[in-house]
Amino acid sequence: MVKLIANTPCGDLLPRAIGTVSLDEVIVDQITFVAPFNGQQKAVSDALKAAIGIGFPAPNRCIGTGPRAMWCGMGQALVMGASCPDLAAQCVDQSDAWAIVKVHGVDAAAVLARLTPLDLRASEFKRGHTARTLIGHMTGGITRSGAQSFEVMVMRSMAATLVHELTQAAENMHGRETSLR
Amino acid sequence: MRLPCPLCGERDRREFYYQGHATMLDRPARDAGIDAWDDYLHNRDNIAGEVEDLWHHEAGCGAWIKVTRNTVTHEVSGAKLVNGARK
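Computed from a prediction, not measured in an experiment: that's the story for all the values here. Numbers given for residues are sequential positions, taken from 1 along each chain in its written order. All chains are assigned letters beginning with A, and all ligands numbers beginning with 1, in the order in which they are written. Reporting in this predicted model follows two pLDDT cut-offs: at least 70 for local features of residues, and 80 or more for side-chain atom pairs to be given and counted; totals over whole chains, interfaces and linings ignore these cut-offs and use all residues. As a rule here, side-chain values come from all non-hydrogen atoms in the structure, and water together with hydrogens is ignored.

Undergrad: What am I meant to see in the interface of chain B and chain A here?
TA: Frequently, the measure chosen for interface size is the accessible area removed from exposure when the parts meet. Residue contacts are counted whenever heavy atoms from the two residues lie within 4.5 Å of one another. Of the residues lining the interface, 14 residues belong to chain B; the matching set on chain A comes to 16 residues. For any pair of parts, buried area is found by adding up, for both, the accessible area (1.4 Å probe) each one loses once the two are put together. Interface area, chain B with chain A, both sides summed: about 1300 Å², of which 57% is carbon and sulfur. Each salt bridge in this description consists of a side-chain nitrogen of Lys or Arg and a carboxyl oxygen of Asp or Glu lying within 4 Å of one another. Inspection of the region where chain B meets chain A yields zero salt bridges. Nitrogen and oxygen atoms within 3.5 Å of one another constitute a polar contact, given that in protein one can donate a hydrogen and the other can accept it, and given that sequence-neighbouring residues count only through two side-chain atoms. Connecting chain B to chain A are six residue pairs in polar contact (both at pLDDT 80 or more). Each residue gets one of three labels, nonpolar for Ala, Val, Leu, Ile, Met, Phe, Trp, Tyr, Cys and Pro, charged for Asp, Glu, Lys and Arg, and polar for the others, Gly among them. Here the residues of the side of chain B that touches chain A sort into five nonpolar, two polar and seven charged.

Undergrad: What am I meant to see in unusual backbone geometry here?
TA: Most of the time, phi is negative for any residue but glycine, and the peptide bond is trans. Residues and elements named next belong to chain A. Note that the residue after Leu14, namely Pro15, is joined by a cis bond; omega there is 5°. Segments assigned H or I by DSSP are reported as helices when at least four residues long, segments assigned E as strands when at least two residues long, and all are numbered from the N terminus. Position of Pro15 relative to the elements: it lies in the segment before strand E1 (16–18). Of note in the backbone geometry, Asn60 takes a positive phi value of approximately 65° without being a glycine. On the secondary structure map, Asn60 appears in the loop between helix H1 (41–52) and strand E4 (62–63). Overall, Asn60 belongs to the buried group, its relative accessible area being 8%. Here the phi dihedral of Asp96 falls at roughly 75°; this positive angle occurs in a residue that is not glycine. Relative to the helices and strands, Asp96 is located in the loop between strand E7 (89–93) and strand E8 (98–105). The cut-offs for exposure are 20% and 50% of the maximum accessible area for each residue type, with area from a 1.4 Å probe on protein chains only; residues under the lower value are buried, those over the upper are exposed, and the others partly exposed.

Undergrad: Could you clarify how one ought to interpret the environment of Glu75 of chain B in this entry?
TA: Residue and element names in this part refer to chain B. Here Glu75 shows up in the loop between strand E5 (64–70) and strand E6 (76–81). We classify Glu75 as partly exposed; its relative accessible area is 48%. Measuring from C-alpha to C-alpha, the distance between Glu75 and Ala59 comes to 23 Å, with 16 residues separating the pair along the chain. If we ignore the near neighbours within four places in the chain, the residues touching Glu75 are Thr68, Arg69 and Asn70.

Undergrad: What's the story with the side chain of Arg132 of chain A in this structure? I'm lost.
TA: Positionally, Arg132 of chain A belongs in strand E9 (residues 130–135). We score Asp and Glu as negative and Lys and Arg as positive, and we do not count His or the chain ends. Here Arg132 of chain A is buried and forms no salt bridge, its nearest opposite-charge partner Glu15 of chain B lying at an N-O distance of 9.1 Å. The contacts of Arg132 of chain A, once residues within four sequence positions are left out, are Trp71, Cys72, Gly73, Trp98, Gly140 and Gly141 of chain A together with Arg11, Glu15, Ala59, Gly60 and Cys61 of chain B.

Undergrad: How should I be thinking about the sheet that holds strand E2 (residues 21–25) of chain A in this particular structure?
TA: Backbone-to-backbone hydrogen bonds join strands into a sheet, with any given pair of strands oriented parallel or antiparallel. All names here are of chain A. Strands were regarded as paired on the criterion that DSSP finds at least two bridges between them. Across the sheet, six strands lie side by side as E1-E2-E8-E11-E10-E9; this open sheet has antiparallel pairing. Edge strands, defined here as strands with exactly one partner in the open sheet, are E1 and E9. Averaged over all pairs of adjacent strands, the angle between their axes in this sheet comes to 25°, without regard to strand direction. To get an axis, fit a line to the C-alpha atoms, keeping to the stretch in contact for a helix; angles then go from 0 to 180 degrees between the N-to-C directions.

Undergrad: I tried to follow the pairing of E9 of chain A on my own but got confused; where do I start?
TA: On a regular strand, one side chain projects to one face of the sheet and the next to the other, so that they alternate. Residue and element names in this part refer to chain A. Most of E9 sits inside the fold, with six of its six residues counted as buried. Summarising the sheet, E9 and strand E10 (residues 138–146) pair through six bridges and their orientation is antiparallel. Note on E10: the bridge partner recorded for Arg132 is Gly141. Between E9 and the antiparallel strand that follows it, E10, lie two residues; Gly136 among them carries a positive phi value of about 60°.

Put into structure tokens, the structure is as follows:
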């Protein structure tokens, strides 16, 4: 029997630490894309709550700490870290489809500000806020997971580009700080 | 330029795709006649003042929005979801 080796989206590109910023891959075993059928959002939310303890998220919000529900577009969310129950929704298994990188550190927001047009100030973009936006030339998602940490996600095929862009931005930030010293 | 997406809040213009005048929402009936269709497809007023445009939040939530914008002052005074029901 052939034994296959599972590779994570970012593989051996991560972890990295550059200046004050660290880049670590976030591995989520199960991700299901959920798009409730017309008029079924409340029913879907109730069914999710009964099954995994969290409802369908409001726009631009990510809820839950164990299993999570992350809004990812109009009428769409990702159920992460739990198997998805039967719902009155279009459900698509997207486990392994996303590359997720945790950007953590004092300069995390400054590094991301080089790549995204999003307003990442803590007063505007709080813990539990998520947004679909641009990361360099890629469309993806950014979620604030803490005071100095963000989760950045793009489709798996763009994992290496994401790591490259984040690394470049972090190196530029770091270079700027060390040359000014 | 920033556009107020009704779902996402104020976002940078780079996240949006510009479609054109909101006339596109008022599709004539199939049998409306050649003049109505000609107007719908080709004829637009070049207004100095308030206009309604269609924009697609393509790098964001994916919603089509109708933006009210002033071509003289460049003020963006509001935006509505084209499909108002879903969030």
